[in-house]
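# Understanding the architecture of this molecule
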Amino acid sequence: MSTEALKHARFDREDGTSFDTPMAVVEDGFLDDHEKRSILGEWKRRVDAENRADGIDPMSQTLDHAIEKLAGLRT
């Protein structure tokens, strides 16, 4: 069983907090929008930097959705 898909399945911050999904970041009540955008952006950069050779990365798509959702909440 390959663990490649699990490589970016969660995001661990330096302060010890972790997020299991991008939507957990969007829905976190303790973070402001700037912090949420920063976390999602960094998570996406990490995923994109190690994107699979076929160019299809479900986590990257999930992160895109969360970023779009966060942008929609600000309107």
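Residues numbered from 1 in each chain as written. Predicted model: local features only at pLDDT ≥ 70, side-chain atom pairs only at ≥ 80, totals over all residues. Heavy atoms only, no water.

Counting residues in each nonpolar core, the largest one holds 13 residues, and the members touching the most others are Phe-19, Val-25, Ile-39, Leu-40, Trp-43 and Leu-63. For this core, the elements supplying multiple residues, two or more each, are helix 1 (22-26), helix 2 (33-49) and helix 3 (58-73). (Core = buried A, V, L, I, M, F, W, Y, C linked by side-chain atoms within 4.5 Å. Buried < 20%, exposed > 50% of the residue type's maximum accessible area, 1.4 Å probe, protein only. Helix = DSSP H or I, 4+ residues; strand = E, 2+ residues; numbered from the N terminus.)

Counting across every chain of the model gives seven salt bridges. Residues Asp-15 and Arg-13 are paired through a salt bridge, measuring 3.7 Å at the closest nitrogen-oxygen approach. Residue Asp-15 is classed as exposed on the basis of its relative accessible area, which comes to 52%. The partner of Glu-42 in a salt bridge is Arg-46, and the shortest N-O contact between them spans 3.2 Å. Taken as a pair, Glu-42 and Arg-46 lie in helix 2 at a separation of four residues, close to a single helical turn. Counted as one network, the salt bridges with shared partners bring together Arg-10, Asp-12 and Asp-20. (Salt bridge = Lys/Arg side-chain N within 4 Å of Asp/Glu carboxyl O.)

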